[in-house]
Amino acid sequence: RLAARMRRDLGDATSPVEAARPLPEVTTASLPALAAYAQAMDAEYRADGRVSFELLIRAVQLDSNFASAHAQLGALFNQNNNIPKASYHFTRAIALAKTLPVHESLRIRVAAAYARGDLGDAVIMSRQLADLRPRDVNSWTRLGFYLFSNGQGAEAREAYARAGTFAPLSAQSLLNIGTTWFSGARGKSAPSSFDSARVYYGRAFE
């Protein structure tokens, strides 16, 4: 926040300052691995899964003990139903997480719980993480996602709204919010909920 204020005082444009995202808070012994990981997170934000995957592979090649990169790879392999590779990377990440800061270790365990299908555990630990890091946009975004995945639409919207106070929401987050409104409206034929869904879908496509 201080850096953003200083940049504005020096005449930097407001929009790039407000849109800027901090470097991810992850542990690695390699600065190039950190750069690759940060670029992978940017690619994920843009919904460019192929580039994100390639950069994460690069990150673990540069630092084979990069727990958070292993966890992200585990999540990507899980999404693509490659369970053996997902299991390998999550097992590696959890083993390495024992020496990490609490918030980073917790993030890894949340991702592993979700991959196993333990949505309740993922929600509980995500709440703990959000309480631990109340100004961390990623903590609130993840909580919103796990609540959404667990069918808790109203609570998911609250978590996403909290995330949106710190940084612009990604297209995927906006789609998820729209879907919570749409899912809640289908059984009730509530025009206002359909309107809300349309608004968020439109923002996501933009």
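See above for the structure.
Note that the structure is predicted; figures quoted are calculated from it, not measured.

Enquirer: Please explain the overall build of the protein chain as it appears in this structure.
Expert: Counting its regular elements, the protein chain contains twelve helices and zero strands. Counted from the first residue to the last, the protein chain has its helices and strands arranged as α-α-α-α-α-α-α-α-α-α-α-α. A compact globule built from 206 residues would reach a C-alpha radius of gyration of about 17 Å, and the protein chain, at 18 Å, matches this within 12%. Overall, the protein chain is about 50 × 50 × 30 Å in size when its C-alpha atoms are taken along their principal axes. Contacts in the protein chain between residues far apart in sequence, at least 24 positions, make up 43% of those at least 6 positions apart.

Enquirer: I tried to follow the environment of Phe66 on my own but got confused; where do I start?
Expert: Here Phe66 is to be found in the loop between α4 (49-62) and α5 (67-79). Contact partners of Phe66, with chain neighbours within four places excluded, come to Val26, Thr27, Thr28, Ala33, Leu34, Tyr37, Ala59, Val60 and Leu96.

Enquirer: Honestly, the packing of helix α3 (residues 31-45) against α5 in this entry has me stumped. Any pointers?
Expert: Axis angle and axis distance: for two packed helices, these are the angle between their axes and the distance between the axes, and together they describe the pair. Look at α3 against α5: their axes get within 11 Å of each other, and the N-to-C directions meet at 30°. It follows that α3 is roughly parallel to α5 by the angle criterion. At the point where α3 passes α5, the crossing takes the left-handed sense. The segment α3 lies against α5, with Tyr37, Met41 and Glu44 engaging Ser68, Ala69 and Gln72.

Enquirer: Help me out: how do you make sense of the pattern of salt bridges in this one?
Expert: Working definition: two side chains of opposite charge can pair if their charged atoms are close together. All told, the structure shown has five salt bridges when counted by the stated rule. Linking Arg127 and Glu155 is a salt bridge whose minimum nitrogen-to-oxygen distance equals 2.6 Å. Note that Arg127 is positioned in helix α8 (residues 119-132) and Glu155 in helix α10 (residues 153-164), a separation of 28 residues in sequence. Since its relative accessible area comes to 34%, Arg127 is described here as partly exposed. Among the residues examined, Glu155 registers a relative accessible area of 33% and is labelled partly exposed. A salt bridge links Arg198 to Asp195; its shortest N-O distance comes to 2.7 Å. Placement of the pair is Arg198 and Asp195 together in helix α12 (residues 191-205), with a separation of three residues, close to one helical turn.

Reading the values: the criteria
Residues numbered from 1 in each chain as written. Predicted model: local features only at pLDDT ≥ 70, side-chain atom pairs only at ≥ 80, totals over all residues. Heavy atoms only, no water. Helix = DSSP H or I, 4+ residues; strand = E, 2+ residues; numbered from the N terminus. Rg over C-alpha atoms; globule rule 2.2 N^0.38 Å. Contact = heavy atoms within 4.5 Å. Axes fitted to C-alpha atoms, helices over the stretch in contact; angles between N-to-C directions. Parallel < 35°, antiparallel > 145°, perpendicular 65-115°, else oblique. Left-handed = near helix turned anticlockwise from the far one by under 90°. Salt bridge = Lys/Arg side-chain N within 4 Å of Asp/Glu carboxyl O. Buried < 20%, exposed > 50% of the residue type's maximum accessible area, 1.4 Å probe, protein only.

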